[in-house]
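Listed here are the chains, written in short residue letters.
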Amino acid sequence: MGDDSEWIKLPIDQKCEHKVWKARLNGYEEALKLFQKIGDEKSPEWGKYLGLIKKFVTDSNAVAQLKGLEAALAFIENAHVAGKTAGEVVSGVVTKVFNQPKARAKELGTDICLMYIEIEKAEVVQDELLKGLDNKNPKIVVSCIETLRKALSEFGSKIITLKPIVKILSKQFESREKAVRDEVKLLAVEIYKWIRDALRPPLQNITSVQLKELEEEWVKLPSSPPKQTRFLRSQQDLKAKFEQQQAHAGDQSDGEDEEETVAAVDPYELLEAVEILSKMPKDFYDKIEAKKWQERKEALEAVEALTKNPKLENGDYGDLVRALKKVVGKDANVMLVTVAAKCLAALASGLRKKFGTYAGQVVPTVLEKFKEKKPQVVQALQEAIDAIFLTTTLQNLSEDILAVMDNKNPSIKQQASLFLARSFRHCTQATLPKSVLKPFCAALVKQVNDSAPEVRDAAFEALGTAMKVVGEKAVNPFLSDLDKLKLDKIKESADKVELAGGKKGAGGGGGEKKPAAKAPPPAEAPTKSSAPPRKTQTGAASKSSAGPSKKGKPTCAVAGKTKKTPESREFTETELSVEVCEERAAGVLPASCVQLLDSANWKERLASMEEFQRAVETMDKVEMPCQALVRMLAKKPGWKETNFQVMQMKLHIVALVAQRGQFSKTSASVVLDGLVDKVGDIKCGGKAKEGLTAIGEACSLPWTAEQVVSMAFAQKNPKNQAETLNWLANAMKEFGFAGINVKGFINNVKTALGATNPAVRTSAITLLGVMYLYMGAPLRMFFEDEKPALLSQIDAEFEKMQGQSPPAPIRFTKKSGAVEEGDEGEEPEEDGGGGGGGGGGQDIMDLLPRTDIGDKITSDLVSKIGDKNWKIRKEGLDEAAAIISEAKFITANIGDLPMALKGRLGDSNKILVQQALTLLQQLSTAMGPGLKQHVKALGIPIVTVLGDSKPNVRAAAMTTLQAWVEQTGMKEWLEGEDLSEELKKENPFLRQELLGWLAEKLPTLRTVPGDLMLCVPHLYACLEDRNGDVRKKAQDALPTFMMHLGYDKMEKAAGKLKSASKDQVLAMLEKARAVMPAKPAAPAKTGGGKGSAEPSRAASASRQPASEDFVDNKPDVKKVRGGVAGKKGAAGKKPAAKSQKDDEDRSGPIFILIANAKEQRIKDEKQLKILKWNFTTPRDEYLEQLKTQMSTCFAKWLQDELFHFDFQRHVKAIGVMIERLESESDATIGCLDLILKWFTLRFFDTNTTVLMKVLEYLKLLFAMLNRENYHLTEYEANSFVPYLILKVGEPKDVVRKDVRAILTMLCKVYPASKVFPFLMDGTKSKNSKQRAECLEELGCLIEGYGMNVCQPTPAKSLKEIAVHIGDRDTSVRNAALNTVVAVYNVCGDQVYKLIGNLSEKDMSMLEERIKRSAKKTIAAPAKPSATERSQKEHPTNPNATFLRKPLQDDPNKLKLMYRTYRIQARQNAQHSESSHPSIPKEFQLDLDMIEMDQNRVCELPDLVQHKLDELLEPIMIPEPKMRAISPHFDDLHNSTSSTINFVISQVASGDINNSIQALAQIDEVLRQEDKAEVMSGHIDQFLIATFMQLRLIYSTHMADDRLDKRDIIKLYSCIIGNMLSLFSMESLAREASMGVLKDLMHGLITLMLDARVEDIEDGQQVIRSVNMLVTRVLEKSDQTNVISALLVLLQDSLVTTAPTMFSELIMKCLWRIIRFLPETIDSINLDRILLDVHNFMKVCPKEKLKQLKGDVPHRTLKTLLHTLCKLKGAEILDHLSMIENRNESELEAHLRRVVKHSGNLSGLKSDRGNEKTGLRTEDRMSKAKVSDILSEIFKKIGSKENAKEGLTELYEYKQKYSDADLKPYLKNTSQFFQSYVERGLRMIESEREGKARTQTSAVIPQHGVDFSLSSNNEEVKPAVYYERLKILRQRQGLENTSRGVGGSEDEPQQRPPISSLLSSKPSVASSTDMLHSKLSQLKESRELYQQEHNAHSHSPTHAHTRSASPAANLDDLKKRLERIKSKRQ
């Protein structure tokens, strides 16, 4: 036992490693106890055992090993870090535990494996167990299989990946060991439970006996799917759910859920791919061409056997497919055709998506072959084409299918239709958009009428299937021509259809419910269907999003109807004979008129025309025989009329008839010739054009234009031709471009361009300019052949049009009925033109005449291109290029050219590779959108070329790739595995280029195919590539991948990596997450094709960020030719365009503003997700981090320049940044942190040129920030200021000077007190220059901003500064001394206390310096000049220096004035001697000024800074000695006003404390009712400041983690408190204007919905207060304004995508207001409310409201209108005066209905009323007049000039109507105004009764004191001063209003009778006596007031006890008033 003592005392971990087994056993036992005892899974204790766990399980002693296994299991279960040990421990278990004889050991081993799976390590465990199957020991194999089975049984197939397990089954079934075979059989049964029949194909190869045994076992299994019974740590919610279900004896519903997932396993995925190309017979290609059919059969059968493999390895099957296709198409032996078709089918199902490349080549051949009648051939072909369909999309095959739909052979048509029917079953609404369906439906509708019954039936089936998939509404528009019988048959077919996946017509139901193609697909449609459909759908989407302005597109249902109705609705008539016409005309025209029509005398003809015109003007539209009338006009002399007056009348009448009658195309044909003939006539041309326009309105512009242009060019008259083109250009602008058939007159335009007459050419070019507005760059393609001179003219015209958006149409084709705009808007939509320029672009691509060059691509040409001799290959390529350029525009059919070209892309001769690339570029321009179907065959090989070693070849490949993507969009490229296969190749060039390309393209896409996920593993591999550039590109691409796939998927994918790589990748993912770009918004539609129907086109264009790119909405298209992103680029001019493109790339914005990106970066740095910007010299990782962060918000080219190794590029880049500083100020601020960080890197460069440029930019930048009132955040300052301060010590003077200038500017955008610590740090530098400069700067700061800047405390800072007085360097010593002197100047001798103990020498130096400085200051002139004085007043307190901006700033503008006053805020006096504080002058009059000069207008007195910072000290606000009188108050009011302006401006301050103080001051004023009137006139300004502060809190403060949330709550409380005070005073509340109320309500509701506030302590309380405040605002505000505000807000919230809760709260407010209406109706301006409702209904028509989820908005509006109607009755219809063109208003119609409905009731009431008094009716009529009269009178009283006259009129009016109620008019005015009116009326009364003196000149005829009296040098009456004093009293609460603070009850007696007050010349004595008595009252009330306030001194708003005693103050005031008075007399 002795040797035990060695180890018994060792710590546990050492025992576990001991060489003695007993020691280890003991160690394991103790470890087990310890592991069960540690409560914290993250305890550091676990870390000690990380390396030991493997030894626990692999212990060589069996007894110890058992204990070790138990301990290991406990460790894995409880330790957070256990996952790290998974690989080694499971490997140990497999090799050392599973071979143990003890069952307990194996059991523990299995438990350990399962526990690892539970802690999310399933993949590692599975890999180790599968490796164990290769072990030679069968025991181990059995245990591994058993563990896998248990894992699957417990965790289920979602967690245990079945594919690798299924792979090994067949091998294990062949094992020699029975135990293994039995165990694997059990495993197979377990797997079968989870995936059912998907397991059969992989087990095809096992012996039949085994298979039979399995089948027997499988049959016994229950049919219900199994369930997961054990859960991962991350699945605890599922676990709880499962346990709950177990408790309830299992619930059925979950089973269904699970079933979905079970069925989702695709057997194909479980199979191993087989490589067959190498196994093909060597002589296959020879045999397949053999003459004997038997040989061909042999070859095919060999291939058939190979293709039967269910999953094939990807490879180049091009040759094989071509050979099989040839057999199908050309072989005469039908048996071989059948075999070949079977091979194709097998290839397609074995390769799946990878076969898509070849689909386009094979399908046409298969379709053609359907002419065969033999059933087995047809069946084989059907199987082949169905299998092929699954490898591609219907859209890619559409052209081929449509091509055979009108084949002569009925079998082909039938089979094509049946194929479509089968294909549709696999589609969904999203994959079968309108654009794809439309052409198919058109073809099928033709077939429905076919003579062959089998063709008809097939067509019915296809249409029925389509209807089932997308719903009736989507298909019906295409079936407009079918009769009911056929429609019923289609519906019948639809009912029979079973869709793929056994779902009974998902679309059928869905389609019924939703407006078919509008509502559901836009979200995902673009992903499924590339460009053309994207047009229609984004069109639809953006239309709905563009909101109010888009008229009449209620729902798709209308869309459906409108498509078929225009034709049926168009008015048609037959041609009438001349006799009939004469007869009809005679019926409506006066007889004389008809007779004189052809008179020889022109005057008679003229008279006849005049009668004709009168008759037409009075005729009824329905009765007007248009054709007859126009034929009468054409009657001899008709259009040959020689007299121009008669002719003008004639043309005018044509226009009238077209406008007023039902004018048909037949009638138009009668007159058009004549009109066109006169278009060029100087005198009649104008009228002729009017006629043409009218016909355009009647018969549609597209038709008219085509007719007119062809007629004009059939003549020879050049004047007519020119004017016709001019008319057309103008008409296009007026009508818009919808429906215009460009092809119709493009040839005539070409003729015009070649005309000899210059006017015709000019007109043609002008017309092209207008067309260009709508069609964009592709229009030029029609004119590529023109002469260069002409082309340059056309280009110049296009250049002029660039950047303009097409005007909104102002004319529309007349249609009967109300669906007008609906049609107009819908038609082009149906044509697939889509909106916007993009739509236009697409349209024009369809218009181009395309040539089919399929026949020219002969087999000779193809073999030439593939020849062994490179020269012949080159010849072949040249020939192909020649064919394409000759054809110019080609169809998608190019025969076998793709395969031939693909071979050349891999040519060993690089010249040929480049030539092939050039050819492919040419092909892309020529083929246009048809290129899509060649992406897989030809596009992917282009990508492969990106891996070429030669840069010029790579560049060419990239150019070609971009050209292709421009035509095809990105979707085709990202679908399938091709791209991921490319990325998989370990070629650094390929990876670099491809990732760069993806990083550029992905951010511009809104959605991507799911296949992008396949690229992720390769992307991760690239992140660790050995090539640095590949790594860089991969990092750049990471955020763009994440933007589409999401962080979670990417993180999950990273889980499969090795642990070392995984950590690295996860770190990069975190970084990428921070800079992930936002997905682009749905493209707003701008400019172009569709414009006609939407007046808001121009508006939407200007809304788009890059409005000049209006040709195409795809953000990734670079601008071609001067900025218009031609969707198709400049045809054939690609290379030339390229170089231009490079330059013009740079014209886009250089910074991209990404919402909240900066906040996210701040957050990340806080959470240490990224490196903190803090270094002595910048290291690479900082550079990389900055690059990554910049990549999302800097233009790529700019970033390349900024990080270029050549400094000149830096200079160039800074130059550009300087240019764009103003234009991109917002984006600059958005990226400010990154810009500043980049500049800090430049501070470490040694190049002076760069440094000077940097400083130049920084100066401009800070000036801009100052102008924009921007405040640097701490984050920005910390990463910039310390590095700027390094440069203060630069040896070059110029640099130092600039840096000092920047530091000065810095203090304007960042508090000086925060700059101070940075400078203090700078004084610790080793560089003496830097120390000296920093000390100088500190001195300047203290001089400029007082001692407050010294942070953390003045004493601490000064001690540090004083240390430098003893520095070795003279300049540093001097600087330190100067700084201390600056402190002395501010706070006197106190400086000695602050600097602490100095050495004697230093102290003597300091004293000497202070003495010298004192002398200097005495010598300086002591008296500031008057101008200086007005700007800078020095109060008694020396450190309260208060700089004031000169007075040019209009104080009433709330220009976020906190910047203006920022300096004051920093200068809070810290050391004011409390015994003698200065008298704050905020609310004082500057009487000095009055004393000095009576002729001067008073200067605005300066404000003295409060000690705003000490919030906690009680502040006493100086009582405002005033009462705001009214807008016309004089200068005296001005001083008050400016003070209030200042305080209000502080409310919006970015500094929370400043804001709280300002609010406290305002609250003090608002809480005292007698003083609150001061705020009158400032309410809007105050509310604006308030909601700006609310916005600031919402967007900035709440997001700022550094701020204490309690401060924010405090700020919210202050704001809400203020508002509650304000809105409890009705007079003030009513001053709030509509716009301000709207913004305020918006801010408050946003606050109520802010979830972040709820989460803060006391947040709930804030939200309750806001609730209360909102009700107060609704009650007290001006009701008109508040209703208007709410309506506008509701409208905005419905139009934008505001959260539904937001709209609901607005509606709740409206309902509340509606409840008040009976009381408030009289005070409401109904006209304005109804105008707002009208606008609301215009923007959100009924249809649109009904489309919303709930109908509450609609109900709310109805209730409002009903309530108003109920209260007002029919009278409400008189209140529509503000609505223009009322007849079109939906509102008027609605009101009439409501009034009519309630008419009977109101009628009875009014009758009864009339009986009561006869006068009442007259009264009611004049009620409106009364209100007008009173408004006029009050206007006069309010103006200076007419106040007296107004008062007299009011007096007379009151005499006349004694019961007139003036309350409503006085309610909204100030108290002073009311008392003034009252006084005036009494005055007039006493005058009239002769009681008063006659002179009334002393009455002040306005709302205040008129200083102009004194300036006119008249004698000033003492009454003026009395009046002033009265104002002072009034403000002190001494006025005898009911609101006074003190003794208001006994005040009325104090008031002298009005007559005595207003006597014209009261003696001086009486006035002085009065003054004395008032002053004594004033004094008492002041004392009383002060006592009251001292009682409340705990409130945080009071500081500053008054300076001198109130008595002294009043005496002073008394003396001054005396002085003024004696002077003025």
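Our structure's up above, just so we're on the same page.
The written sequence of each chain sets the order in which its residues are numbered from 1. Local features are withheld for residues below a pLDDT of 70 in this predicted model, meaning they are given only at 70 or higher, and side-chain atom pairs are given and counted only at 80 or more; totals for whole chains, interfaces and linings count all residues. Note that water and hydrogens are dropped before the side-chain values are worked out from all heavy atoms of the structure.

## Some words on the overall build of the protein
Using the following cut-off: Each helix is a run of H or I in the DSSP string that is no shorter than four residues. Each strand is a run of E no shorter than two, and both are numbered from the N terminus. Buried means the residue's accessible area, taken with a 1.4 Å probe over protein chains only, is under 20% of the maximum for its type, while exposed means over 50%, and partly exposed covers the values in between. Whether two residues touch is decided by their heavy atoms; if any such pair falls within 4.5 Å, the residues are in contact. Using a 1.4 Å probe, accessible areas were evaluated by the Shrake-Rupley method; residue-level cover was limited to the displayed protein chains.
Along the protein, the regular secondary structure elements total 104 helices and 0 strands. Burial statistics for the protein: of 2025 residues in total, 54% are counted as buried. Within the protein, counting contacts between residues at least 6 apart in sequence, those at least 24 apart form 75% of the total. Summing over all exposed atoms, the protein offers an accessible surface of approximately 90000 Å²; the carbon and sulfur share of this is 52%.

## A few points about a positive patch on the surface
As a reminder of what qualifies: Only residues whose relative accessible area exceeds 30% and that form no salt bridge are eligible for patches; like-charged ones are grouped when within 9 Å, while nonpolar side chains (Val, Leu, Ile, Met, Phe, Trp, Tyr) are grouped when within 5 Å. One speaks of a salt bridge when a side-chain nitrogen belonging to Lys or Arg is within 4 Å of a carboxyl oxygen belonging to Asp or Glu. Positive charge is attributed to Lys and Arg, negative charge to Asp and Glu, and no charge count is given to His or to the chain ends. In this description, the location of a charge corresponds to atom NZ of lysine, CZ of arginine, CG of aspartate or CD of glutamate.
On the surface, Lys1742, Lys1746, Lys1758 and Arg1793 cluster together to form a positively charged patch. Looking at the element boundaries, Lys1742 is found in helix α92 (residues 1742-1747).

## Quick notes on the pattern of salt bridges
Per the stated rule, a full pass over the model turns up 76 salt bridges. Its salt-bridge partner being Glu45, residue Lys48 comes within 3.2 Å of it at the nearest N-O pair. Taking the relative accessible area as the measure of exposure, Lys48 reaches 49% and is therefore partly exposed. A salt bridge links Glu301 to Lys297, with the shortest nitrogen-to-oxygen separation between them at 3.0 Å. Of this pair, Glu301 and Lys297 are both found in helix α17 (residues 293-307), 4 residues apart, which corresponds to roughly one turn of the helix. Residue Glu301 is classed as partly exposed on the basis of its relative accessible area of 35%. According to the relative accessible area criterion, Lys297 is partly exposed, its value standing at 24%.

## Considerations on the packing of helix α84 (residues 1605-1622) against helix α88 (residues 1659-1676)
What counts, and what does not: To get an axis, a line is fitted to the C-alpha atoms, and for a helix only the part in contact is used. The angle between two axes follows their N-to-C directions and goes from 0 to 180 degrees. Should an angle fall under 35 degrees it is taken as roughly parallel, and over 145 as roughly antiparallel, whereas 65 to 115 is taken as roughly perpendicular and any remaining angle as oblique. Put simply, a crossing is left-handed when the front helix is turned counterclockwise from the back one by less than a right angle, and right-handed when it is turned clockwise. Classification used: nonpolar for Ala, Val, Leu, Ile, Met, Phe, Trp, Tyr, Cys and Pro, charged for Asp, Glu, Lys and Arg, polar for all others including Gly.
Close contact between α84 and α88 brings their axes to 10 Å; oriented N to C, the two are set at 20°. Here α84 lies roughly parallel to α88, going by the angle between them. For α84 against α88, the interelement crossing comes out left-handed. Judged by residue contacts, Ile1609, Tyr1612, Ile1616, Met1619 and Leu1620 of α84 engage Gly1659, Val1662, Ser1665, Val1666, Met1668, Leu1669 and Arg1672 from α88. Per-class residue counts for the contact of α84 with α88 are 9 nonpolar, 2 polar and 1 charged.

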